[in-house]
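Below, each chain spelled out in residue letters.
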Amino acid sequence: AGREFPTDVKEQLMLSIEVEDAHVGDKVKAYTPKIRNDIMLLLSGKKASDLAPKEGKEKLASEIRELINGILAPGSKNKSDGPVMEVLFTSFIIQ
């Protein structure tokens, strides 16, 4: 199940997430405002020059995945192993 989260802090970002099962998609919908807010806060601490290279985008995708997993599974010790398996950028515009 995918869900798009448009943000426009200094970048325009559209992303989808791959989750373990459809039930997680419902939980994502319930937490969408917090997820959006936390992604925007994360982006506000980034420089465009850090996000321009491929490695910067990969690091951001990993940070977003851990952020969302922390929201959806707050008791989990390892945020990399939560219900969100992957974050995929569908649009990434740095302005």
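Only a predicted model underlies this, so the values are computations on that prediction, with no experimental measurement involved. (Residues numbered from 1 in each chain as written. Predicted model: local features only at pLDDT ≥ 70, side-chain atom pairs only at ≥ 80, totals over all residues. Heavy atoms only, no water.)

Some points on the overall build of the protein chain
So, step 1. Within the protein chain, the regular secondary structure consists of 4 helices and 3 strands.
So, step 2. Burial statistics for the protein chain: of 95 residues in total, 36% are counted as buried.
So, step 3. Across the protein chain, contacts joining residues at least 24 apart in sequence account for 64% of those joining residues at least 6 apart. (Helix = DSSP H or I, 4+ residues; strand = E, 2+ residues; numbered from the N terminus. Buried < 20%, exposed > 50% of the residue type's maximum accessible area, 1.4 Å probe, protein only. Contact = heavy atoms within 4.5 Å.)

Observations concerning the nonpolar core
So, step 1. Formed by 20 residues in total, the largest nonpolar core has its most connected members in Ile-17, Ile-39, Ile-64 and Ile-68.
So, step 2. Elements represented by at least two residues in this core include exactly strand 2 (11-19), helix 1 (22-30), helix 2 (32-44), helix 4 (54-72) and strand 3 (84-94).
So, step 3. Sort the elements by how many residues they give to this core and helix 4 lands first, with 7 residues.
So, step 4. The contact partners of Ile-64, leaving out residues within four places of it in the chain, are Leu-13, Leu-15, Ile-39, Leu-42, Val-87 and Phe-89. (Core = buried A, V, L, I, M, F, W, Y, C linked by side-chain atoms within 4.5 Å.)

Some words on helix 2
So, step 1. The first and last C-alpha atoms of helix 2 sit 18 Å apart over 13 residues, in line with the 18 Å expected at 1.5 Å per residue.
So, step 2. Burial in helix 2 covers these residues: Thr-32, Ile-35, Asp-38, Ile-39 and Leu-43. Seen end-on, helix 2 carries its buried residues on one side only, within an arc spanning 140°. What points out from helix 2, more than 90 degrees from its buried face, is the exposed set Pro-33 and Leu-41. (Expected span 1.5 Å × (residues − 1). Arc of directions from axis to C-beta.)

Side note on helix 1
So, step 1. For helix 1, the set of buried residues is Val-24, Gly-25 and Val-28. Seen end-on, helix 1 carries its buried residues on one side only, within an arc spanning 105°. In this structure, helix 1 carries Ala-22, His-23, Lys-29 and Ala-30 as exposed residues pointing more than 90 degrees from its buried face.
So, step 2. Taking the backbone nitrogen of His-23 as reference, a side-chain oxygen 2.9 Å away marks Asp-21 as the first, capping residue of helix 1. (Polar contact = N/O pair within 3.5 Å; in protein donor to acceptor, adjacent residues only side chain to side chain.)

Some thoughts on the pattern of salt bridges
Should their charged atoms come close, side chains of opposite charge can pair.
So, step 1. If you walk through the whole model with that rule in mind, you get 4 salt bridges.
So, step 2. Among the ionic pairs, Lys-46 bridges to Glu-63, the shortest N-O distance being 2.6 Å. Here Lys-46 is found in the loop between helix 2 and helix 3 (48-51), whereas its partner Glu-63 is found in helix 4, with 17 residues between them in sequence.
So, step 3. When its relative accessible area of 15% is taken as the criterion, Lys-46 is described as buried.
So, step 4. In this structure, Glu-63 engages Lys-59 in a salt bridge whose closest nitrogen and oxygen atoms are separated by 3.0 Å. With Glu-63 and Lys-59 both in helix 4, this residue pair falls 4 residues apart, about one helical turn.
So, step 5. Among the residues examined, Glu-63 registers a relative accessible area of 21% and is labelled partly exposed.
So, step 6. On the basis of relative accessible area, Lys-59 is assigned to the exposed category, the value being 51%.
So, step 7. One network of salt bridges, with partners in common, ties together Lys-46, Lys-59 and Glu-63. (Salt bridge = Lys/Arg side-chain N within 4 Å of Asp/Glu carboxyl O.)

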